[in-house]
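# Summary of the model geometry
So the chains spell out like this:
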Amino acid sequence: MFPKITRMNIVPVAGEDGFLLNLSGGHAPWFIRCVLVLEDESGNRGVGEIPSSEGILKGLEQCRSLVEGARVNEVKKVLSQSRAVLSRNGPEERGRQTFDLRVAVHVITAIESALFDLFGQAMGMPVADLLGQFGRQRDEVEALGYLFLLGDPDKTDLPYPKTTNPVDAWDEVRYREAMTPDAVANLARAAYERYGFKDFKLKGGVLPGEKEADCIRALHEAFPEARLTLDPNGAWTLDEAVRVLEPIKHLLSYAEDPCGQQGSYSGRETMAEFKKRTGLPTATNMIATDYKQLKLAVELNAVDIPLADCHFWTMQGAVAVGELCNEWGMTWGSHSNNHFDISLAMMTHVAAACPGEITAIDTHWIWQDGQRITREPFQIRDGKLKVPTTPGLGIELDDEKLMEAHQKYRSLDVTQRNDAMAMQYLIKGWEFDPKRPALVR
Ligand SMILES: O=C([O-])C(=O)C[C@H](O)[C@@H](O)C(=O)[O-]
Ligand SMILES: [Mg+2]
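Residues numbered from 1 in each chain as written. Chains lettered and ligands numbered in written order. Predicted model: local features only at pLDDT ≥ 70, side-chain atom pairs only at ≥ 80, totals over all residues. Heavy atoms only, no water.

## Thoughts on the packing of aromatic side chains
The condition is simple: Pairing of aromatic rings covers Phe, Tyr and the six-membered ring of Trp, with a centre-to-centre limit of 6.5 Å; geometry is then stacked below 30 degrees between planes, edge-to-face above 60, and tilted otherwise. Comment: elements are numbered from the N terminus, with helices defined as DSSP H or I runs of at least four residues and strands as E runs of at least two. Only protein chains enter the accessibility calculation, which uses a 1.4 Å probe; a residue whose area is less than 20% of its type maximum is buried, one above 50% is exposed, and one in between is partly exposed. Cation placement over rings: the criterion is NZ of Lys or CZ of Arg within 6 Å of the ring centroid and within 35° of the ring normal.
Enumeration according to the criterion identifies 12 aromatic pairs in this entry. Each ring, one from Tyr-192 and one from Phe-223, has its centre 5.4 Å from the other, and the planes form 55°; the classification is tilted. In this pair, Tyr-192 sits in helix α6 (residues 181–195) while Phe-223 sits in the loop between α7 (209–222) and β9 (227–231), placing the two residues 31 residues apart along the sequence. Residue Tyr-192 is classed as partly exposed on the basis of its relative accessible area, which comes to 42%. When its relative accessible area of 14% is taken as the criterion, Phe-223 is described as buried. Stacked on the ring of Tyr-146, the Lys or Arg Lys-201 has its end atom at 4.3 Å from the ring centre.

Shown next, in the form of structure tokens:
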């Protein structure tokens, strides 16, 4: 008999973040996540990490009675019951922010991750080996260097982290203003030195498009061999996207959400048109975020690289997208938001189980590196993450660090990401506009 789950702990947590800029505004000095910890009768613990919001915390509570008392091998039963309960809350929208505002899919993922962690431990198998039709497909997962334009923290009175004892170039640059092509190339060099990335992505949707194209030119000059992409989160109109990216298309491997919903045209329609007009492959974490959207995106030939982040596709869902991509001649990739080391492990296992050639996964980890809630966070070396061979997710929770992160959450009095708050220090009264780069006001 497999052990029963005796306890479900829902632990909202917070960590430190820099002044990272994007279409939604500027990151606050903190980021908010939710950790789910399941304990079973044999004393094992399983964990999951997702974004946090009041809705998500409530959604997890709604599933408590389905999880507690279940056996650790009842993964599918618990997940389908949870799905049914959550569906009664009504339909949900991703929204137009750079981040996904849905509840149910995140709640399911937290439960799924913690259950697979426990089930894997009971079976003596790593989660990657249990996922998808084929299990583990690789022992190392490539990650990309995820770069951001950075606001000047000294223009705010917010408690942004400061580096006191830099150990390397990355520590020198990660919390300082970076608004020029040179500064972006410097970030890439410093990140390369520490992590060995072969690919880079620049978060756009901040400056006028042409200025961001100049940053790509600087990145190419610094790393002529690197696969590069620019992601304005759909801020540009179709014409703007073509105008900005056509001159640098030979430097880009693909364009991520260059345009999106525009007037009466859907994001899938404008992206399909963008692909026709430029010949550039496209990636998205905005217009193919569930099966219906993915079907429409494929029918319209709008997307080459669905960035199926397990946090909003579920772990099994993300691998299913990877399997479809492999069959349909598309390329699987993963999006990310700020995250702790549990999510890093979840994304690594998921990417390991996707068959065929996949693209380097996004991770915000480089901005959080040094913080942890597990004893030994996975490391990025030579641009890669090793997929563990130990049972479950292969991580061990550090209770003291978890409590520290929870105390930080409690001290903040915020329950959800809000990038407008910090942005208002740079532009008084700043408000989100999905069709205008953050500093174009
Ligand atoms: O690829 C993306 O769209 C993201 O990583 C979305 C995130 O919300 C990003 O914009 C951020 O962290 O500011
Ligand atoms: Mg994106």
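## A closer look at the domain arrangement of the protein
Note the cut-off: As used throughout, domain bounds are those supplied by an automatic or database domain assignment. Two residues form a contact once any of their heavy atoms are found within 4.5 Å. By buried area we mean how much accessible surface two parts lose on assembly, using a 1.4 Å probe and totalling the loss over both.
Per the domain assignment, the segments making up the protein are domain 1 (4–128 + 399–411) and domain 2 (140–386). Inter-centroid distance (C-alpha atoms) of domain 1 to domain 2 is 23 Å. Opposite the 46 residues of domain 1 that make contact, domain 2 presents 50 residues. Between domain 1 and domain 2, roughly 3,900 Å² of surface is buried when both sides are summed, and carbon and sulfur atoms account for 62% of that area.

## Looking at the environment of Arg-174
To keep things clear, this is the line we draw: Two N or O atoms count as a polar contact when they lie within 3.5 Å, although within protein this holds only if one can serve as hydrogen donor and the other as acceptor, and sequence-adjacent residues are included solely when both atoms are side-chain atoms.
In this fold, Arg-174 is placed in the loop between α5 (169–173) and α6. Here Arg-174 is in contact with Leu-150, Arg-194, Ile-366, Trp-367, Gln-368 and Asp-369, once residues within four sequence places are set aside. Looking at Arg-174, its side chain comes within polar contact range of the main-chain oxygen of Trp-367, at 3.5 Å. A polar contact is formed between the side chain of Arg-174 and the backbone oxygen of Asp-369, at a distance of 2.8 Å.

## Points about the coordination of the magnesium ion (ligand 2)
Defined as follows: The donor set covers N, O and S atoms within 2.8 Å of the metal, switching to 3.2 Å for Na, K and Ca, and it leaves out water, so a site may look short of donors.
Here the magnesium ion (ligand 2) is held by Asp-231 (OD), Glu-256 (OE) and Asn-285 (OD1), and the distances to it run 1.9 to 2.2 Å. One chain supplies every donor for the magnesium ion (ligand 2), spaced along it as D-x24-E-x28-N. Residue Asp-231 is located in strand β9, and its partner Asn-285 is located in the loop between β11 (282–284) and α10 (291–299); the two are separated by 54 residues in the primary sequence. The pair formed by Asp-231 and Asn-285 is uniform in burial state, with each residue classed as buried.

## Description of the site of ligand 1
This is how it is decided: Here a residue is near a molecule or strand as soon as one of its heavy atoms is found within 4 Å of it. Residue-level accessible areas treat just the shown protein chains as cover; the underlying method is Shrake-Rupley with a 1.4 Å probe. By the convention adopted, Pro, Cys, Tyr, Trp, Phe, Met, Ile, Leu, Val and Ala count as nonpolar, Lys, Arg, Asp and Glu as charged, and the other residues, Gly among them, as polar.
Residues in close proximity to ligand 1 total 17 residues, the closest being His-27, Tyr-146, Lys-201, Asn-233 and His-364. The separation between an oxygen atom of ligand 1 and a polar side-chain atom of Glu-256 is 3.0 Å. Taken by itself ligand 1 offers 330 Å² of open surface, and the protein chains cover 100% of this. When its residues are assigned to classes, the shell around ligand 1 shows two nonpolar, nine polar and six charged. Both domain 1 (4–128 + 399–411) and domain 2 (140–386) contribute no fewer than three residues apiece to the shell around ligand 1.

## Notes on helix α13 (residues 341–352)
How we decide: Helix span is expected to be 1.5 Å times the residue number reduced by one.
Along its 12 residues, α13 runs 17 Å from first to last C-alpha, staying within 8% of the 16 Å computed at 1.5 Å per residue. Listed in full, the buried residues belonging to α13 are Asp-341, Ile-342, Ser-343, Leu-344, Ala-345, Met-346, Met-347, Thr-348, His-349, Val-350, Ala-351 and Ala-352.

## Thoughts on the confidence of the model for the protein
To keep things clear, this is the line we draw: Looking at any residue, its pLDDT shows the predictor's confidence there, from 0 to 100.
Across the protein, the average pLDDT comes to 98, with 100% of residues at 70 or higher. Mean pLDDT across the elements of the protein bottoms out in α5 (97) and peaks in α13 (99). Two summary scores accompany this predicted model of the complex, namely pTM at 0.98 and ipTM at 0.99.

## Considerations on the sheet that holds strand β13 (residues 380–381)
This is how it is decided: Strands qualify as paired when DSSP identifies two bridges or more between them.
With antiparallel pairing, the three strands of this open sheet are ordered in space as β6-β14-β13. Every interior strand has two partners, whereas the edge strands, β6 (140–142) and β13, have only one.

## A closer look at the UniProt feature "active site" (unreviewed entry) in the protein
Formally: UniProt positions are given in the numbering used here, feature names are shortened, and annotations may be inferred rather than shown by experiment.
UniProt annotation of "active site" (unreviewed entry) refers to Lys-203 and His-335 when read in the numbering used here. Maximum C-alpha separation among the annotated residues is 11.8 Å over a sequence range of 133 residues, consistent with a single clustered spot. Within the secondary structure, Lys-203 sits in strand β8 (residues 199–203). The class of Lys-203 is buried, set by a relative accessible area of 4%. Contact partners of Lys-203, with chain neighbours within four places excluded, come to Leu-21, Asn-22, Tyr-146, Leu-147, Phe-148, Leu-149, Asp-231 and Asn-233. For His-335, the position within the fold is in the loop between α12 (315–328) and α13. Setting aside its immediate chain neighbours within four residues, His-335 contacts Thr-98, Asn-285, Leu-307, Asp-309, Phe-312, Met-347 and Asp-362.

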